Amino acid sequence: LRVAFDDATAADVILWTIVKDSGASVDITADALNGIAALNSTATTDDDGASIQGNEVWGLPSTAGQKLYFETRIKTADADQMEIFVGVCENFVTNPENIFTSANRIGFQIDDGDATPHLITESSGSETDTTLTGTTYDLSDDTFVTLSFVATKGTSTDVVEFYVNRTKVGTHTTNVPTANMALAAGSVSGNNSGTKITSIDYIWAAQDRGVSY
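Let me begin by describing the structure that accompanies this report. (Residues numbered from 1 in each chain as written. Predicted model: local features only at pLDDT ≥ 70, side-chain atom pairs only at ≥ 80, totals over all residues. Heavy atoms only, no water.)

**Topic: the overall build of the protein chain**
Then step 1. Along the protein chain, the regular secondary structure elements total zero helices and 15 strands.
Then step 2. Considered along the principal axes of its C-alpha atoms, the protein chain spans approximately 50 × 40 × 30 Å.
Then step 3. Counting over 213 residues, the protein chain shows a buried share of 51%.
Then step 4. Long-range pairs, those at least 24 residues apart, make up 67% of the contacts in the protein chain between residues at least 6 apart in sequence.
Then step 5. The protein chain carries 11 positive and 29 negative side-chain charges, and their two centres are separated by 9 Å. (Helix = DSSP H or I, 4+ residues; strand = E, 2+ residues; numbered from the N terminus. Buried < 20%, exposed > 50% of the residue type's maximum accessible area, 1.4 Å probe, protein only. Contact = heavy atoms within 4.5 Å. Lys, Arg positive; Asp, Glu negative; His and termini not counted. Charge placed at Lys NZ, Arg CZ, Asp CG, Glu CD.)

**Side note on the pattern of salt bridges**
Then step 1. For the coordinates displayed, the defined rule picks out eight salt bridges.
Then step 2. Here the salt bridges do not stand alone but share partners, grouping Arg105, Glu122 and Glu127 into one network. (Salt bridge = Lys/Arg side-chain N within 4 Å of Asp/Glu carboxyl O.)

**Section: the packing of aromatic side chains**
Then step 1. Counted by the stated rule, this structure contains four aromatic pairs.
Then step 2. Residues tyrosine 69 and tryptophan 204 carry aromatic rings whose centres are separated by 6.5 Å and whose planes lie at 65° to one another, so their mutual orientation is edge-to-face. Taken together, the residues tyrosine 69 in strand β6 (residues 67-76) and tryptophan 204 in strand β15 (residues 197-207) connect sequence positions 135 residues apart.
Then step 3. Between phenylalanine 149 and phenylalanine 162, the aromatic rings sit 6.3 Å apart at their centres with planes inclined by 55°, giving tilted as the arrangement. With phenylalanine 149 in strand β11 (residues 145-152) and phenylalanine 162 in strand β12 (residues 159-164), this pair connects stretches of sequence that are 13 residues apart.
Then step 4. Classification of phenylalanine 149 as buried rests on a relative accessible area of 1%.
Then step 5. A relative accessible area of 0% places phenylalanine 162 in the buried class.
Then step 6. The ring of phenylalanine 144 is capped by arginine 73, whose NZ or CZ atom sits 4.0 Å from the centre of that ring.
Then step 7. One residue, arginine 105, lies across the ring of phenylalanine 85, its end atom 4.9 Å from the ring centre. (Phe/Tyr/Trp six-rings, centres within 6.5 Å; stacked < 30°, edge-to-face > 60°. Lys NZ or Arg CZ within 6 Å of the ring centre and 35° of its normal.)

**Regarding a negative patch on the surface**
Then step 1. Where like charges cluster on the molecular surface, the negative patch consists of Asp46, Asp47, Asp80, Asp112, Asp114 and Asp141.
Then step 2. Position of aspartate 141 among the secondary structure elements: in the loop between β10 (126-131) and β11. (Patch = residues over 30% accessible without salt bridge, like charges linked within 9 Å, V, L, I, M, F, W, Y side chains within 5 Å. Areas by Shrake-Rupley, 256 points an atom, 1.4 Å probe, with all protein chains shown as cover.)

**Observations regarding the side chain of histidine 118**
Then step 1. Relative to the helices and strands, histidine 118 resides in strand β9 (residues 118-123).
Then step 2. Residue class for histidine 118 comes out buried when judged on its relative accessible area of 9%.
Then step 3. Reaching out from histidine 118, the side chain makes a polar contact with the side chain of aspartate 111 at a distance of 3.4 Å.
Then step 4. If near-sequence neighbours (up to four positions away) are discounted, histidine 118 is found in contact with Gly107, Phe108, Gln109, Asp111, Asp129, Thr130 and Thr131. (Polar contact = N/O pair within 3.5 Å; in protein donor to acceptor, adjacent residues only side chain to side chain.)

Shown next, in the form of C-alpha cells:
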C-alpha cells in the first residue's frame, strides 16, 4: 500500500481515521507537487495537534524470514519544538497525544526540545528507545526527510532495521511487537508560538503475507 496525498481535496484522507484536538486540522495542501497532507496545530496553543491512522491492519508476519516494510517522507515547521511519531501502532482514540503512549508500536519519534530522531519499538507497553547520536540525522525546519524501517520475523529473535534517507541508522531486537497495528502519523506543538505543521508527502507499507509455496 502506498498512500500519496495527490489531490487538493479531502478525498485523499478517507482511508484514514483523524484524531485531533478541537482547533487543530488535517488538510490537503493545495497545489503541492505530488500532494501533501498537513497536520496543523491550533495557533498559539501548546500541546495541541492532529494525527492520522490507517484503517487497515499491519503486523509482523508469523513466518520466520518474512518482513514488514514501512516508509514515509515528512517535513516539520519547527523541528525542535514539536512532538512527532510516524510508523505503525495500535489504534488510539480521543487525543492525538495517545499516539505516543500506544502499547504496541514501531517507528520514529521526535521529542519536544530536540530535533534528534528516536528509534522506537514497543511491545505490550515495554519500550526500546534508541536516540541517534550526534546531529547528522537531526531534522531541520521545513526540510523533507525519508524515514523507513524493515521488521523481520526471526526464528528466535525478531529484528527491526531503521533507515533515515535510505541510510541504515540502527537495529532493534527487543520489544518488537507482534500485535495488529495501523499506519500512523501524529504531530503535537511543543510551545504556543504560532501554528505548528508537520507535512506528509506519502506513507508506504508492504507486508509478506505468510504464503508458502
